[in-house]
Amino acid sequence: MAVLKVKFTKTKRDKLAQILWILNWVSVVSGIILFSLGLFLKIEIKKRNEVMAKGDINSVPNMLISVGVIACIINFLGGKICYDCSDANKFSRWKLVMLPYIVCTFCFTFCILVGALMCYTMRNDLEESLYLGLRDAIKFYKDTDIPGRCFLKKTVDLLQIGFRCCGNNGFRDWFEIQWVSPRYLNMASKEVLDRLKSNVDGKFLVDGVPFSCCNPSSPRPCIQYQLTNNSAHYNYDFLTEELNIWMKGCRQALLDYYTGIMRSIGIAALLIWLFELSVLIGVRYLQTAMKNVLLLGDLEGESDGWLLENSFVETAKYNINIIKNLGKANQISTVSGMNDPNINVQNTDCDKTNITTKSIPAAR
């Protein structure tokens with residue numbers, strides 16, 4: 001029994017074809033939107049790839065870009081098919097193409113759904129990439145004279161100012177690394193030498209942060225050095241007073257920023273998927289209705305359209321059997337000589353004694 005069978009008159013078939021023609025052109029625009037969203041996300045990730053470790057974080061924008069291009073091509077072809085389906089004579093040229101087209105479109109709409117879901121599952125990979133990338137960027141913050149690293153100080157400073165953050169997980173990350181370049185350290189100073197000797201690795205560690213961690217909205221001048229030393233500042237208590245530096249870590253700030261973008265893109269992709277799915281259902285109805293009207297032979301009469309010719313269970317069993325039999329088409333069973341193509345073929349005896357000789361008549 002057909003699933004969701006609907007009866008179509010000639011007028012309904014023509015209207016359905018016209019509506020689908022318009023919707024396919026709208027789908028072309030939705031493909032452009034998907035392409036643009038993927039390109040936007042790729043550019044946003046590339047802007048800050050200096051503070052991201054290499055990974056699979058580009059898989060989502062690449063997926064959206066690919067799906068957007070395919071959407072434009074498929075829906076452009078679908079618009080042409082639906083436009084010709086308003087005429088039964090023109091439909092005959094697309095009759096053999098429509099079913100493969102519907103199958104390909106179904107796979108394509110599934111890819112849109114996958115791309116939308118990937119926007120929500122990318123968070124863990126992005127968080128790990130940001131953690132590793134920011135850790136290395138902060139570690140090489142002081143290397144302003146080394147080629148390949150000299151840009152990291154500017155990158156980190158602009159990042160902390162723009163996103164109002166400090167450090168990787170927080171401002172205390174700066175306490176654990178030497179972020180002051182050796183060229184700016186006075187080696188004649190006893191304080192500097194004592195700090196270098198007090199550290200096992202010979203690093204100059206201070207309880208301070210770069211200037212880019214300062215909060216310009218704070219009424220008090222920025223305290224970026226000796227943050228944990230209450231006696232170094234007037235009327236200051238490190239444990240109770242709110243510090244005038246950014247408290248949020250840059251990893252969390254960037255993660256929130258990209259999560260917001262991907263959440264919006266995911267919602268847009270889901271809406272486009274629902275729209276593409278509705279167009280696909282309409283094309284399936286049009287294909288079955290036009291196919292049945294050709295079988296009936298009455299181009300002006302009524303015809304049935306459906307989503308599936310048989311029930312879901314029967315359709316699933318049929319397709320499973322097709323898949324199972326794909327590799328058996330050219331196989332020959334040799335068990336007990338069954339299905340042997342040579343079993344009923346008589347052996348050719350080439351013995352000359354069994355050949356009837358004919359005499360050649362003598363010439364007169």
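The numbers attached to residues start from 1 for each chain and follow its sequence in the written order. Per-residue local features are limited, in this predicted model, to residues with pLDDT of at least 70; the limit for side-chain atom pairs, both in listing and counting, is 80 or more; totals at the level of whole chains, interfaces and linings are taken over all residues. As a rule here, side-chain values cover all heavy atoms of the structure and leave hydrogens and water aside.

- The protein chain is annotated in an unreviewed UniProt entry as RDS2 protein from Calcarius ornatus.
- UniProt positions are given in the numbering used here, feature names are shortened, and annotations may be inferred rather than shown by experiment. Its UniProt record gives the protein chain the following Sequence similarities (unreviewed entry) comment, quoted word for word: "Belongs to the PRPH2/ROM1 family."
- Turning to the protein chain, the UniProt record has this under Subcellular location (unreviewed entry): "Membrane".

Let's talk about the overall build of the protein chain
Then, in step 1: For the protein chain, the helix and strand inventory stands at eight helices and two strands.
Then, in step 2: Under the scheme used here, helices are H or I runs from DSSP no shorter than 4 residues and strands are E runs no shorter than 2 residues, and both carry numbers assigned from the N terminus. Tracing the protein chain from N to C terminus, the helices and strands come up as β-α-α-α-α-α-α-α-β-α.
Then, in step 3: Throughout, exposure labels follow a simple rule: accessible area from a 1.4 Å probe, protein chains only, divided by the maximum for the residue type, with under 20% read as buried, over 50% as exposed, and the rest as partly exposed. Across the 364 residues of the protein chain, 38% fall into the buried class.
Then, in step 4: The contact criterion used is simple: two residues touch if any of their non-hydrogen atoms lie within 4.5 Å. A sequence separation of at least 24 residues applies to 73% of the contacts in the protein chain between residues at least 6 apart.
Then, in step 5: In this description, accessible areas are obtained by the Shrake-Rupley approach with a 1.4 Å probe, and a residue is regarded as covered only by the protein chains that are shown. Looking at the protein chain as shown, the accessible area adds up to about 22400 Å², and 60% of this sits on carbon and sulfur atoms.

A short note on the confidence of the model for the protein chain
Then, in step 1: For every residue, the pLDDT score states the predictor's confidence, bounded by 0 at the bottom and 100 at the top. With 83% of its residues at a pLDDT of 70 or more, the protein chain has an overall mean of 81.
Then, in step 2: Taking the mean pLDDT of every element in the protein chain, the minimum, 68, falls on helix 8 (residues 312-325) and the maximum, 93, on helix 5 (residues 152-163).
Then, in step 3: With pLDDT under 50 throughout, residues 332-345 is counted as low confidence; its partners more than four residues away or in other chains account for six contacts.
Then, in step 4: The low-confidence segment residues 347-364 (pLDDT under 50) makes one contact with residues lying over four places distant or belonging to another chain.

Details of a nonpolar patch on the surface
Then, in step 1: A patch is a set of surface residues, each over 30% in relative accessible area and not in a salt bridge, joined within 9 Å for like charges and within 5 Å for the nonpolar side chains Val, Leu, Ile, Met, Phe, Trp and Tyr. Salt bridges, as used here, are contacts in which a Lys or Arg side-chain nitrogen is within 4 Å of a carboxyl oxygen on Asp or Glu. Side chains of Trp21, Ile22, Trp25, Val26, Phe76 and Tyr83 sit close together on the surface and give an oily, nonpolar patch of about 610 Å² of accessible area.
Then, in step 2: Of all the elements in the fold, those that place two or more residues in the nonpolar patch are helix 1 (10-47) and helix 2 (59-84).
Then, in step 3: In terms of residue count, the dominant contributor to the nonpolar patch is helix 1 (four residues).

Re the nonpolar core
Then, in step 1: Each nonpolar core is a collection of buried residues, namely Ala, Val, Leu, Ile, Met, Phe, Trp, Tyr and Cys, held together in the definition by side-chain atoms within 4.5 Å. Residues Leu126, Phe171, Trp174, Val209, Leu227, Val283 and Leu286 are the most contacted members of the largest nonpolar core, which totals 79 residues.
Then, in step 2: With 18 residues, helix 7 (residues 250-296) is the single largest residue contributor to this core.
Then, in step 3: Where each domain starts and ends follows an automatic or database-derived domain assignment. Taken together, domain 1 (3-139 + 252-315) and domain 2 (171-247) each give at least three residues to this core, which thus spans both.
Then, in step 4: In contact with Trp174, not counting residues within four places along its chain, are Ile138, Tyr141, Val156, Gln160, Cys166, Gly167, Trp179, Val206, Gly208, Val209, Pro210 and Cys213.

A closer look at the packing of helix 1 against helix 7
Then, in step 1: Here, axes are lines fitted to C-alpha atoms. For helices the fit covers the stretch in contact, and angles between N-to-C directions go from 0 to 180 degrees. For the pair helix 1 and helix 7, the least separation of the axes is 9 Å and the interaxial angle reads 155 degrees. Considering the angle they form, helix 1 stands roughly antiparallel to helix 7. The way helix 1 lies across helix 7 gives a crossing that is left-handed.
Then, in step 2: Taken together, the residues of the contact of helix 1 with helix 7 sort by class into 27 nonpolar, four polar and three charged. Relative orientations are named as follows: roughly parallel for angles under 35 degrees, roughly antiparallel for angles over 145 degrees, roughly perpendicular for angles from 65 to 115 degrees, and oblique for any other angle. Two helices crossing with the near one rotated counterclockwise from the far one by less than a right angle form a left-handed crossing, whereas a clockwise rotation gives a right-handed crossing. Residues are grouped as follows: Ala, Val, Leu, Ile, Met, Phe, Trp, Tyr, Cys and Pro are nonpolar; Asp, Glu, Lys and Arg are charged; every other residue, Gly included, is polar.

Focus: the UniProt feature "transmembrane region" (unreviewed entry) in the protein chain
Then, in step 1: The feature "transmembrane region" (unreviewed entry), as given by UniProt, occupies residues 20-40, 60-78, 98-120 and 265-286 in the numbering adopted here.
Then, in step 2: Taken end to end, residues 20-40 is 100% helix and 0% strand, and its first and last C-alpha atoms sit 30 Å apart.
Then, in step 3: Across residues 265-286, helical content stands at 100% and strand content at 0%; the span's end C-alpha atoms are separated by 31 Å.

Concerning the packing of aromatic side chains
Then, in step 1: Centres within 6.5 Å make a pair out of two Phe, Tyr or Trp rings, where for Trp the six-membered ring is used; the pair is then stacked when the planes are under 30 degrees apart, edge-to-face when over 60, and tilted otherwise. Applying the stated criterion across every chain, the model contains eight aromatic pairs.
Then, in step 2: Measuring from centroid to centroid gives 5.4 Å for Trp25 and Phe76, while their planes differ by 90 degrees, and the two rings are edge-to-face. Remark: Phe76 occurs in helix 2 and Trp25 occurs in helix 1; sequence separation between them is 51 residues.
Then, in step 3: Take Trp25: its relative accessible area is 37%, and that puts it in the partly exposed class.
Then, in step 4: Taking 5.0 Å as the distance between ring centres and 70 degrees as the angle between the ring planes, the aromatic pair formed by Tyr141 and Trp174 counts as edge-to-face. Separated by 33 residues along the polypeptide, Tyr141 in the loop between helix 4 (123-139) and helix 5 and Trp174 in the loop between helix 5 and helix 6 (190-198) bring together distant segments of the chain.

Quick look at the environment of Gln226
Then, in step 1: The topology assignment puts Gln226 in the loop between helix 6 and helix 7.
Then, in step 2: Residues Gln226 and Val206 lie 20 residues apart in sequence; the distance between their C-alpha atoms is 7.3 Å.
Then, in step 3: Ignoring any residue separated from it by four or fewer positions in sequence, one finds Gln226 in contact with Asp207, Ala232 and His233.

Some points on the packing of helix 5 against helix 7
Then, in step 1: At a minimum axis separation of 10 Å, helix 5 and helix 7 run at an interaxial angle of 65 degrees. Crossing handedness for the pair helix 5 and helix 7: left-handed. Along the contact surface, helix 5 presents Leu159, Gln160 and Phe163, while helix 7 presents Cys250, Ala253, Leu254 and Tyr257.
Then, in step 2: Broken down by class, the residue content of the contact of helix 5 with helix 7 amounts to six nonpolar, one polar and no charged.

Remarks on the state of the cysteines
Note: disulfide means a covalent bond formed between the sulfur atoms of two cysteine side chains.
Then, in step 1: When two cysteine sulfur atoms lie within 2.5 Å, the pair is treated as a disulfide. Inspection of the entire model under this criterion finds three disulfides.
Then, in step 2: Disulfide partner of Cys214: Cys222, at an S-S distance of 1.9 Å. Between Cys214 and Cys222 the sulfur-sulfur dihedral comes to about -75 degrees; the bridge is accordingly left-handed.
Then, in step 3: With relative accessibility at 32%, the residue Cys222 sits in the partly exposed group.
Then, in step 4: Not part of a disulfide, Cys111 finds its nearest cysteine sulfur in Cys107, a span of 7.1 Å.
Then, in step 5: Given a relative accessible area of 31%, Cys111 falls into the partly exposed group.

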